[in-house]
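Chain by chain, the residues run as shown.
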Amino acid sequence: MLNVVALMGRLVADPELRQTPNGVSVITFTVAVDRNYSRDRERQTDFIDVVAWRQTGEFVSKYFHKGSMMVVSGRLQMRDWTDKDGNKRTSAEVVADNVYFGE
């Protein structure tokens, strides 16, 4: 089986590094990725949530800021959670293995 994701886009907001109770670094951020133009030539953008752990998260926190172009490679992960009203939700996010500077 294969689960590989590669994205190139711009960072939507400044990332903020956090630590788990066990001291593991983690960062979540959103990447804006442009899609090919549709028939009516209107630009479309997808906003994709990404999570990076340990050294990868520390690297993102140190070198990237809002508007930075980045390349992310990793895997797609589905996560089930319950909202404040008790409704079950599912979210898709990319778990980053590598993050590179984009041009």
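Placed above this text is the structure.
Conventions we followed
Residues numbered from 1 in each chain as written. Predicted model: local features only at pLDDT ≥ 70, side-chain atom pairs only at ≥ 80, totals over all residues. Heavy atoms only, no water. Helix = DSSP H or I, 4+ residues; strand = E, 2+ residues; numbered from the N terminus. Pairing = 2+ DSSP bridges. Salt bridge = Lys/Arg side-chain N within 4 Å of Asp/Glu carboxyl O.

At Arg54, a position not held by glycine, the phi torsion is positive, near 50 degrees. Structurally, Arg54 is set in helix H1 (residues 54-63).

Right, let's talk about the pairing of strand E4 (residues 45-53) for a bit. With nine bridges joining them, strand E3 (residues 25-34) and E4 adopt antiparallel strand pairing. When the sheet's bridge partners are listed, Val31 is paired in E4 with Ile48. Both E4 and strand E6 (residues 88-101) contribute to a ladder of three bridges, which runs parallel. By the bridge assignment for E6, Val51 is matched with Val95.

Here we take up the pattern of salt bridges. For the coordinates displayed, the defined rule picks out three salt bridges. A salt bridge links Glu93 to Arg79; the nearest nitrogen and oxygen atoms lie 3.4 Å apart. You can see Glu93 sitting in strand E6 and its partner Arg79 sitting in strand E5 (residues 69-82), a full 14 residues away along the chain. Of the charged contacts in the structure, one is a salt bridge between Asp83 and Arg89, with a shortest N-O distance of 3.1 Å.

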